[in-house]
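# Analysis of the macromolecular model
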Amino acid sequence: MIYLCSSSESRALLLNNFGIDFIQKSVAYDEEQITTSIAKDFVYTASKGKLNAAIRAFGVESPLLCADTVIAASDGTILRKPKNREDARRILNIQSGSTISIISSAHYKSKRLAFSDISATHYHFSRFEEEDLERYLESGLWQGKAGGCMVEGFCKKYIQSVDGYESTAMGLQVETLLPWIKVKN
Ligand SMILES: Nc1nc2c(ncn2[C@H]2C[C@H](O)[C@@H](COP(=O)(O)OP(=O)(O)OP(=O)(O)O)O2)c(=O)[nH]1
């Protein structure tokens with residue numbers, strides 16, 4: 001039984017959808033200490049930091065799985081979880097009518113195995129309709145999501161092109177992790 005060391009509902013949903021048994025535990029890691037402005041470096045550093053915190057908290061008797069996800073806007077700007085509705089409107093308008101990359105870094109550690117992966121899914125969105133965006137902001141579903149983005153929800157109808165797994169965009173590249181998670185310890 002693996003420990004999903006994450007408070008993410010999206011990651012729990014993904015593991016459930018793939019039929020993976022897990023126990024969900026959250027770990028304390030302050031992403032504000034990360035100084036890089038490179039999205040791939042940010043997610044790697046954050047997920048590695050979460051793994052180190054999980055090892056300190058739980059040991060490796062049970063396999064540990066940690067992850068981090070951010071959006072890289074078309075100019076490379078890192079888009080994280082919105083602070084409030086106004087921030088969500090600002091961040092989502094950056095993504096409207098543009099190409100973004102949703103990058104997820106995952107670390108898996110058991111007694112005998114250690115596996116890390118950084119994956120990205122690239123989307124081109126048409127422009128978000130203003131009324132639709134306001135309804136989405138009203139719903140609050142953007143909360144707790146990198147870039148306020150919901151590729152399986154609000155953003156779905158605006159996807160003009162996609163390259164990569166939807167799971168990666170939702171926070172955990174399960175297809176890549178599956179072979180490792182299935183290996184006994
Ligand atoms: N359902 C859904 N969730 C998304 C999407 N894009 C990003 N997310 C979620 C996955 C993560 O829960 C969150 C990114 O924030 P973090 O990587 O910092 O994880 P979070 O703070 O949720 O949990 P953790 O730090 O692991 O305890 O955004 C999406 O398109 N759909």
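With an unreviewed UniProt entry as reference, the chain is termed Nucleoside triphosphate pyrophosphatase, source organism Sulfurovum xiamenensis. Regarding the chain, the relevant UniProt record gives this comment under Cofactor (unreviewed entry): "a divalent metal cation". Here is the UniProt Sequence similarities (unreviewed entry) comment for the chain, exactly as written: "Belongs to the Maf family."

## Examining the pattern of salt bridges
It is possible for side chains bearing opposite charge to pair when their charged atoms get close. Summed over the entire model, instances satisfying the criterion amount to 11 salt bridges. Here Lys50 makes a salt bridge to Glu31, at a shortest N to O gap of 3.4 Å. With a gap of 19 residues between them, Lys50 in helix H2 (residues 39-58) and Glu31 in the loop between strand S2 (22-25) and H2 connect regions that are remote in the sequence. Taking the relative accessible area as the measure of exposure, Lys50 reaches 13% and is therefore buried. Taking relative accessible area as the criterion, Glu31 reaches 13% and is therefore assigned buried. The shortest N-O distance in the salt bridge between Glu134 and Arg89 comes to 2.9 Å. Highlighted residues: Glu134 in helix H4 (residues 130-139) and Arg89 in helix H3 (residues 85-95), separated in sequence by 45 residues. Residue classification places Glu134 among the partly exposed residues on the basis of a relative accessible area of 30%.

Cut-offs applied
- Residues numbered from 1 in each chain as written.
- Predicted model: local features only at pLDDT ≥ 70, side-chain atom pairs only at ≥ 80, totals over all residues.
- Heavy atoms only, no water.
- UniProt positions renumbered as here; feature names shortened; annotations may be inferred.
- Salt bridge = Lys/Arg side-chain N within 4 Å of Asp/Glu carboxyl O.
- Helix = DSSP H or I, 4+ residues; strand = E, 2+ residues; numbered from the N terminus.
- Buried < 20%, exposed > 50% of the residue type's maximum accessible area, 1.4 Å probe, protein only.

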